Amino acid sequence: MTQDEQKQLVAREALRYIVEDAWLGVGTGSTANYFIDELAKVKSRIKGTVASSAATAERLKAHGIEVEELNNVSDLPVYIDGADEVTAQGAMIKGGGGALTREKIVAAVARKFVCIADASKKVDVLGKFPLPVEVIPMARSYVARELVRLGGFPAWRMGFTTDNGNVILDVTGLSIVDPFTLEDRINGIAGVVTVGLFARRGADVILLGGESGIETLRPRPAG
């Protein structure tokens, strides 16, 4: 089974977690795109969606799925999104596609976060995948120096601007054994919008597609 087939497998499985006649949060990235394509087949079951990026909103609308602004949604039972890395405890690195801030906001609002990924995304310790940090442009150099002090090697994702008009630093060289503490440390740096560490608000359910089918993990609530 190819990696794409594994993503399709978990995308279909994630349909089991949508709540009838309710708003649904939808993430960003290749696995989320597979989910959107599957969601289109059952779109009559939901009230509509909240998108975590402009790209996701466009794909949803192309399928005729309603997209609403988060500010207009008072209750979001479920958010479904992928991850660049995820641990069995539900902590994740997200933001490879650059939508980490909006993803983190939608995840914070949702009552349940369902992470969908192929089995290669499961790790024991986060950090092999570069950690994205969204930064106010004028603070880029300062934040980069502070990230070096934390032991990382930040690289400016040149030519990329987030939906919020900011830049991203991708940080390598980190072995993130305490994602809760590091998330707080980086978020505390002046000029950081948010870090792509999802530990304080991690996944409630993890669906992993592998050669033998789907593995379902249910971590304890984060925090």
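Residues numbered from 1 in each chain as written. Predicted model: local features only at pLDDT ≥ 70, side-chain atom pairs only at ≥ 80, totals over all residues. Heavy atoms only, no water.

(A) Seen up close, the overall build of the protein. Across its full length, the protein holds six helices and 13 strands. Taken along the three principal axes of its C-alpha coordinates, the protein extends 50 × 40 × 30 Å. Intrachain contacts of the protein at a sequence separation of at least 6 include 72% that bridge at least 24 residues. For the protein, the exposed surface amounts to about 10200 Å²; the carbon and sulfur share of it is 49%. For the protein, the distance from the average position of its 26 positive side-chain charges to the average position of its 28 negative side-chain charges is 2 Å. (Helix = DSSP H or I, 4+ residues; strand = E, 2+ residues; numbered from the N terminus. Contact = heavy atoms within 4.5 Å. Areas by Shrake-Rupley, 256 points an atom, 1.4 Å probe, with all protein chains shown as cover. Lys, Arg positive; Asp, Glu negative; His and termini not counted. Charge placed at Lys NZ, Arg CZ, Asp CG, Glu CD.)

(B) Geometry of the side chain of glutamate 85. Along the chain, the position of glutamate 85 falls in strand 4 (residues 85-86). Lysine 128 is the oppositely charged side chain nearest to the buried, salt-bridge-free glutamate 85, at an N-O distance of 7.2 Å. If we ignore the near neighbours within four places in the chain, the residues touching glutamate 85 are Ala91, Met92, Ile93, Lys121, Val123, Val125, Leu126, Gly127, Lys128 and Phe129. (Buried < 20%, exposed > 50% of the residue type's maximum accessible area, 1.4 Å probe, protein only. Salt bridge = Lys/Arg side-chain N within 4 Å of Asp/Glu carboxyl O.)

(C) Looking closely at the pairing of strand 9 (residues 167-172). Most of strand 9 sits inside the fold, with five of its six residues counted as buried. With five bridges connecting them, strand 7 (residues 131-135) and strand 9 associate as antiparallel partners. Along strand 9, the bridge assignment pairs leucine 131 with valine 171. Examined bridge by bridge, strand 8 (residues 153-156) and strand 9 share four bridges and lie antiparallel to one another. Paired with proline 154 across the strands is valine 171, a residue of strand 9. (Pairing = 2+ DSSP bridges.)

(D) Molecular detail of the pattern of salt bridges. Applying the stated criterion to the full structure yields 14 salt bridges. Bridged by salt links that share partners, the residues Asp81, Lys94 and Glu103 form one connected network.

Any functional reading would require information beyond the geometric quantities listed.
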